[in-house]
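# An overview of the molecular structure
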Amino acid sequence: MFRTALRNVLAHKGRLLMTALAVMLGTAFVAGTMVFSDTFGSALKNSYSKGFDHLSVRVVDDASTTTGFTDEDGDPGAKHLTAATVSQLAALPGVAEVRGVVNGFTAVADRSGKSLGQGRDSMGGNFAPGRDGQDSRYRFAQGRGPQHTGEIGLDKASADKAGYHVGDTVRVAVNGPAQNAVLTGIFSTDDPGVNSGNPLVLFDTATAQQQLGAPGQFGSVEVVGAAGTSQQTLANEVGSVLPDSHNLTYKTATQLQDDQRKDIEAGTSGMRTMLLAFAGIALFVGIFIIANTFTMLVAQRTRELALLRAIGASRRQVTNSVLIEALLIGALASLAGLLAGVGIGAGLQSLVGSLGNGSTPTGPLIIAPTTILVSLVVGTVVTVLSALLPARRAARIAPVAAMSSVDQPATQKGLLVRNSIGAVIAGGGAALVLLGSTQGSSGKWTVAGGAVAALVGIFILTPLLSRPLIALVGPVLGKLFGISGKLARQNAVRNPRRTAATASALTIGLTLVTALTVLGTSFNAMLDRAVTNTMRADYAVGLSNGLSVSPDVADRIQHAPGVAASSPLTSSRFKIGAGKLNVSGIDAGAAGQVLSLSMTSGSAAALGQGQLLVDADAAKTEHLSVGSTLPTVFPNGSTGTLTVGGIYTGSQLLRSTLLDNAVLTAHQVPANTEVVLVKGTSGETSALRQSLVDAGGDNPLIEVQTKQDLKDKVSSQISFALNMLYGLLAMSVLVAILGVINTMAMSVFERKREIGMLRAIGLDRRGIRRMVRLESVVISLFGAVLGLGLGTFLAWAVTGTLKNDVAGLTTVLPVGRLLLFLALAGLVGLVAAVWPSRRAARLDILDSIKAA
């Protein structure tokens, strides 16, 4: 039977080609993901491990890294790291060197005024020379380290990129106006951020504390042990002299490396899981193709299998022969997929490196034994399992009946059982989805389980659904394309199971694409409404990296020419009532000109009286109404009582509560200024925009945005995310296309005699091509309609689970884009039928009629 299976594989290699390609693509996705994640993760670990070579123990002030040297729990007695701490640690036995460290975001402008770095990764720090006048973290290739205010050092890569030399004037900025500084030195370093292509600016210690933290305080202290002193011994010494404060922690360099390694593993693991999920989708789509292929092969080889039974082969042997064929195809395709996956992994590594302009950490390609094993096993097992049902059907064919018939139709009993099971599963899944959509955020797992059940149920019911849905387009096909259209419709429903398997492959991809598109459109519309309905200001001024705007910039904006009213929109979090609440701050005097609040009760004027405004969802959750009083604990340790003065409809621009900035300032609440809202005397004008840019002090990260700019920014971010997900789903769609090609090609072979008869009674080659192409288009559109319907339903359900967490979120259907998906599905069917239709049209009439 093994020789028989091998002979069959060689004899039908053309018909099995698409199946092998489907398995190969899915396996290549899996292997490429594992190779890339292993290689990239290893390179990151090697690069970041060098960042701890210059220290033995690090002491960190956790409060300084979270809320700007203010303890977030409101403890005014929190201890911090100062010069006295550095001196105390330097006096310990076994200590060779101690340095206080300050770091934080710092932007560097190039000669055209644009930022050299991107996002929050452009950093600044302090130059902390030891007794020899050198800082062991930095190796100066030119000049010296900064010693006074107005001097900076810059990493070599950034200096080369901007064309800066020692002695040049460089503009740098934190979160306020840019400042001029003299470049005194250019250095190299093992800092992983710099090695990843991000700028690093060095200040003298006093300036760094003033600009990046708090005067006289350090964010961390690095201790270097003397020769012969172990890290753990030194850590014990350090711990014995540190003040007892929950915000001060210390770890050895080895512990820091382990933590860093775990963080990198967690990050790459998340990336790997996401990519493998999409690879799994591609393999799942491939299951339909493999099962369909072997089902058709079994039907076409009915007489051959019957002959085997007649000469003594048992049912088990017939089953095993089909499974051995699947095993051979799966193993060969998985091996090819593994080789292709190694190439994909190498290509992704090169792509990431090129996107980082050569600064992204790289390393040798890693092909782990696990990658080889998983790729080969997954591809082979998926292929064999997919062929299991066709193999069982082959074994059930009675020898005498099989030799008198080419194709055994499914029994009515079998279809009835299938449809009954499918109806129960689909109905139960739909019920779970509906139930979960009414449960808010707690119903997400109910929706997930229901979605899986609904999808499985629909797939089982697809043969039943194919006849009525395809019948709807029958009259249209007949009128537009004549006899070719009628034949195409009849062929599409001749074998419902085959049509269902082919269409289901497309349904899976389009279900996910549709659900993501509807969700993206719904979020985009919600944020669009939030900006339109809540923001009355003409401009929002902020930093492109999302960091807090400095009070200095806010003050300069207030006094800029053309400004009628302005207010910082701040965010903070502290204990109000039973727990901590997120608080937005706005200047009460300008609130009416820059914000439009939809009040459901109370008055927005209550802000000016120091009262609290609460959004409707928070009020419902906390059981609040106008006049409710809430005990409050401010971060500086003071207490008080806040009165609810009004309730407003929630908006994504605002937190769950709103207070006057004056109240926050009076209680020394550390607040993050997200943007400064500005109302112009003459509305939006180019002169006002330039005035606001000037007020930003030429900070290269200052953004001045209109309401339309904010909408476009959100829209572009959502579009980018969707395009990335579309790209990841492209593999599954490609596999589905191969399925359509495979089904049509094998269908042409199966109907060879029928096509010959059609040619003999007068249907020309053009008519044959049109018939095959229309059949392919009808099957593709059938799968697309199911996918669009399922995807929309799932997106609606997910939206329902998020309504309590995301104010103003409703389901919005992008009708134009959904119609585009439908048209593209039709185009996919047309393209997929090009080769099968040409092959059908070229068949010789007499040879086809004589075919057995």
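Presented here is an overview of the structure given in this document. Predicted model only: the values in this text are computed from it and were never measured.

This next bit is on the overall build of the chain. Helix and strand counts for the chain stand at 29 helices and 22 strands. Taking the principal axes of its C-alpha atoms as reference, the chain extends roughly 100 × 70 × 50 Å. Scored against the burial criterion, the 852 residues of the chain give a buried share of 50%. Within the chain, residue pairs in contact and separated by at least 24 positions form 82% of the contacts whose partners lie at least 6 positions apart. By element, 59% of the accessible surface of the chain is carried by carbon and sulfur atoms, the whole surface being about 37,500 Å².

Moving on, we get to a nonpolar patch on the surface. Residues Leu820, Leu824, Leu827, Leu830, Val831 and Val834 make up a contiguous nonpolar surface patch of about 500 Å² in total accessible area. A total of five residues in the nonpolar patch trace back to one element, the largest contributor, which is helix H27 (residues 815–832). Residue placement: leucine 820 occurs in helix H27.

The next thing to look at is the environment of isoleucine 845. Relative to the assigned elements, isoleucine 845 resides in helix H29 (residues 845–850). Remark: the alpha-carbon pair of isoleucine 845 and isoleucine 755, spanning 90 residues in sequence, is separated by 8.0 Å. Excluding residues within four positions of it along the chain, isoleucine 845 makes contact with Gly756, Arg759 and Ala760.

With that out of the way, let us pick up the pairing of strand S10 (residues 200–204). Counting buried residues in S10 gives five out of five residues, a clear majority hidden from the surface. Residues of S10 alternate between two faces, with Leu200, Leu202 and Asp204 on one and Val201 and Phe203 on the opposite face, all of them buried.

Any two aromatic rings considered together are summarised by their centre-to-centre distance and by the angle between their planes. According to the stated counting rule, one finds ten aromatic pairs in the structure shown. Where phenylalanine 284 meets phenylalanine 288, the ring centres are 5.5 Å apart and the plane angle is 85°; that geometry is what we call edge-to-face. Pair noted here: phenylalanine 284 and phenylalanine 288 are both in helix H9 (residues 253–300), with a separation of four residues, about one helical turn. By relative accessible area, phenylalanine 284 is classed as partly exposed at 37%. Relative to phenylalanine 634, the ring of phenylalanine 574 lies with its centre 5.4 Å away and its plane at 40°, an arrangement referred to as tilted. Here phenylalanine 574, found in strand S14 (residues 563–576), pairs with phenylalanine 634, found in the loop between strand S18 (629–633) and strand S19 (639–648); they are 60 residues apart in sequence, far enough to count as distant.

Looking now at the sheet that holds strand S2 (residues 95–101). The strands making up a sheet associate through backbone hydrogen bonding, with each pair oriented either parallel or antiparallel. Within the open sheet, the four strands sit side by side as S2-S11-S1-S12. Their pairing is antiparallel. Looking at which strands have only one partner, the edges of the open sheet turn out to be S2 and strand S12 (248–252). Geometrically, the sheet is characterised by an average inter-axis angle of 15° between neighbouring strands, direction not taken into account. In terms of strand pairing, strand S1 (residues 57–61) meets strand S11 (residues 220–225) through four bridges, oriented antiparallel. Following the sheet pairing, valine 57 is matched in S11 by valine 223. Across the sheet, helix H4 (residues 83–90) lies against S1, S2 and S11, angled at about 170° from S2, the strand it touches most.

Okay, the packing of helix H16 (residues 444–472) against helix H17 (residues 474–494) next. The interhelical angle for the contact between H16 and H17, taken along N-to-C directions, is 170°, at an axis separation of 10 Å. The angle between the axes of H16 and H17 places the two elements in the roughly antiparallel class. Along its contact with H16, which presents Ser466, Arg467, Ile470, Ala471 and Leu472, the element H17 presents Gly474, Pro475, Arg489, Ala492, Val493 and Arg494. Along the lines of polarity and charge, the residues of the contact of H16 with H17 split into six nonpolar, two polar and three charged.

Before going further, it helps to spend a moment on the nonpolar core. Within the largest apolar cluster, 58 residues are counted, with the highest numbers of intra-cluster contacts made by Phe278 and Ile768. It is helix H24 (residues 707–750) that contributes the most residues to this core, eleven residues altogether.

With that out of the way, let us pick up the packing of helix H18 (residues 496–534) against H27. Two elements in contact, H18 and H27, have axes separated by 11 Å at closest approach and are oriented at 160°. For the element pair H18 / H27, the angle class is roughly antiparallel. The chirality of how H18 crosses H27 is right-handed. Contact with H18, carried on its side by Leu510, Val513, Thr514 and Thr517, involves Arg817, Leu818, Phe821 and Ala825 of H27 and no other residues of that element. Grouping the constituent residues of the contact of H18 with H27 by class yields five nonpolar, two polar and one charged.

Turning to its location among the elements, threonine 462 is positioned in helix H16. Using a relative accessible area of 1% as the deciding quantity, one classes threonine 462 as buried. Along the primary structure threonine 462 and arginine 497 are separated by 35 residues, whereas in three dimensions their C-alpha atoms are 7.8 Å apart. When near neighbours in sequence (up to four residues on either side) are disregarded, threonine 462 contacts Ala500, Ser504, Phe782 and Leu786. Within the structure, threonine 462 has its side chain in polar contact with the backbone oxygen of phenylalanine 459 (distance 3.1 Å).

Next up on the list: the pattern of salt bridges. Counted by the stated rule, this structure contains 21 salt bridges. The partner of aspartate 135 in a salt bridge is arginine 137, with the nearest N and O atoms 2.7 Å apart. With respect to burial, aspartate 135 and arginine 137 carry one shared label: buried. In this structure, the salt-bridge partner of aspartate 160 is lysine 156, at a minimum N-O distance of 2.8 Å. Of this pair, aspartate 160 and lysine 156 are both found in helix H5 (residues 156–162), four residues apart, which corresponds to roughly one turn of the helix. According to the relative accessible area criterion, aspartate 160 is partly exposed, its value standing at 48%. Of the residues examined, lysine 156 reaches a relative accessible area of 38% and is grouped as partly exposed. If you follow the salt bridges from partner to partner, you end up with Arg58, Glu97, Arg99, Asp135, Arg137 and Glu222 in one network.

Once that is clear, we can look at the environment of threonine 169. With respect to the helices and strands, threonine 169 occurs in strand S8 (residues 169–173). Between the C-alpha atoms of threonine 169 and glutamine 217, which are 48 residues apart in sequence, the distance is 28 Å. If we skip the residues at most four places from it in the chain, threonine 169 touches Tyr164, Asn180 and Ala181.

With respect to the helices and strands, the residue serine 732 is situated in helix H24. Serine 732 gets classed as buried once you look at its relative accessible area, which sits at 2%. Apart from residues lying up to four places away in sequence, serine 732 is in contact with Ile281, Ala282, Val285 and Gly509.

Thresholds, definitions, all that
Think of each chain on its own: its residues are numbered from 1, step by step along the sequence as written. The predicted nature of this model means local features are confined to residues of pLDDT at least 70 and side-chain atom pairs, given and counted, to a pLDDT of 80 or more, with totals for whole chains, interfaces and linings taken over all residues. To obtain the side-chain values, all non-hydrogen atoms of the structure were used and water was disregarded. Numbering of helices and strands starts at the N terminus; helices are DSSP runs of H or I of at least 4 residues and strands are runs of E of at least 2. Partly exposed describes any residue whose relative accessible area lies between the buried limit of under 20% and the exposed limit of over 50%, with all areas from a 1.4 Å probe on protein chains only and scaled to the type maximum. Here, two residues are considered to be in contact whenever any of their heavy atoms come within 4.5 Å of each other. The protein chains shown are the only cover counted for residues, whose accessible areas, like all others here, come from Shrake-Rupley with a 1.4 Å probe. Within the patch definition used here, like charges are joined within 9 Å and nonpolar side chains (Val, Leu, Ile, Met, Phe, Trp, Tyr) within 5 Å, considering only residues with over 30% relative accessible area and no salt bridge. Within this document, salt bridges are pairs made up of a side-chain nitrogen of Lys or Arg and a carboxyl oxygen of Asp or Glu, the two lying within 4 Å of each other. Within 6.5 Å between ring centres, the rings of Phe, Tyr and Trp (the latter by its six-membered ring) count as paired, and their orientation is classed by plane angle as stacked under 30 degrees, edge-to-face over 60, tilted in between. Strands are treated as partners if at least two bridges between them are detected by DSSP. In this analysis an axis means a line fitted to C-alpha atoms, helices contributing only their contacting stretch, and an angle means the value between N-to-C directions, from 0 to 180 degrees. Any angle that falls under 35 degrees is termed roughly parallel, while one over 145 is termed roughly antiparallel, one within 65 to 115 roughly perpendicular, and all others oblique. Amino acids are sorted into nonpolar (Ala, Val, Leu, Ile, Met, Phe, Trp, Tyr, Cys and Pro), charged (Asp, Glu, Lys and Arg) and polar (every other residue, Gly among them). Throughout, nonpolar core names a set of buried Ala, Val, Leu, Ile, Met, Phe, Trp, Tyr and Cys residues whose side chains join them through atoms within 4.5 Å. Crossing handedness follows the turn of the near helix against the far one: under a right angle anticlockwise gives a left-handed crossing, and clockwise gives a right-handed one. Polar contact is defined as a pair of N or O atoms within 3.5 Å, subject to the rule that within protein one atom must be able to donate a hydrogen and the other to accept it, and that residues adjacent in sequence are counted only when both atoms are side-chain atoms.

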